[in-house]
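Close look at the chain arrangement
Listed below are the residues making up each chain.
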Amino acid sequence: MRFPLPRRRPPAAFPPPAPVPLHSPGTELPPGSVPLETALHIARKALARHADSNIHSRTSMLYAAIDLEHALRTLVDAYDHEQKA
């Protein structure tokens, strides 16, 4: 017994996308940067996360140092970009 094959529909025609510039150096954040408000949020969360870390635990201090350094670098990058703008 043979089953009939389903009919193929013609492909949908979508409108062409509007052109978007790849780069706008005057206003765009550098790669990996975030807005200043987001950087402040990241820094505050890192401070709150490690506020009650055990100072006698090498592992806790290592995690805190890495997390806080990342938050500080993110904050400084965002602040520098705000000053240039």
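Up top you'll find the structure we're talking about.
Notes on the structure in this doc start here.

Rules of the game
Residues numbered from 1 in each chain as written. Predicted model: local features only at pLDDT ≥ 70, side-chain atom pairs only at ≥ 80, totals over all residues. Heavy atoms only, no water. Helix = DSSP H or I, 4+ residues; strand = E, 2+ residues; numbered from the N terminus. Contact = heavy atoms within 4.5 Å. Salt bridge = Lys/Arg side-chain N within 4 Å of Asp/Glu carboxyl O. Buried < 20%, exposed > 50% of the residue type's maximum accessible area, 1.4 Å probe, protein only. Expected span 1.5 Å × (residues − 1). Arc of directions from axis to C-beta.

**What to know about the side chain of T74**
Looking at the secondary structure, you find T74 in helix α2 (residues 58-84). With sequence-adjacent residues up to four places away left out, T74 is seen in contact with V34, A39 and I42.

**A word on the pattern of salt bridges**
Overall, the coordinates contain two salt bridges when judged by the stated rule. Between R49 and D67 there is a salt bridge, with the nearest N and O atoms lying 2.9 Å from each other. Residue R49 is found in helix α1 (residues 36-49), and its partner D67 is found in helix α2; the two are separated by 18 residues along the sequence. The shortest N-O distance in the salt bridge between R73 and E69 comes to 3.0 Å. Of this pair, R73 and E69 are both found in helix α2, four residues apart, which corresponds to roughly one turn of the helix. Assessed through its relative accessible area of 40%, E69 is described here as partly exposed.

**Details of α1**
Its 14 residues give α1 an end-to-end C-alpha distance of 20 Å, which sits within 8% of 20 Å, the value for a rise of 1.5 Å per residue. Inspection of α1 places A39, A43 and A46 among the buried residues, and these make up the whole buried set. In a view along the axis of α1, the buried residues occupy a sector of 65°, so they form one face of it. Of the residues in α1, the exposed ones pointing more than 90 degrees away from the buried face are E37, H41, R44 and A48. Tucked into the core, α1 has its buried residues touching α2.

**Points about α2**
Between its terminal C-alpha atoms α2 stretches 39 Å, which fits the 39 Å expected from 27 residues at 1.5 Å a residue. For α2, the full list of buried residues reads A64, D67, A71, T74, A78 and H81. In this structure, the buried side of α2 is in contact with α1.

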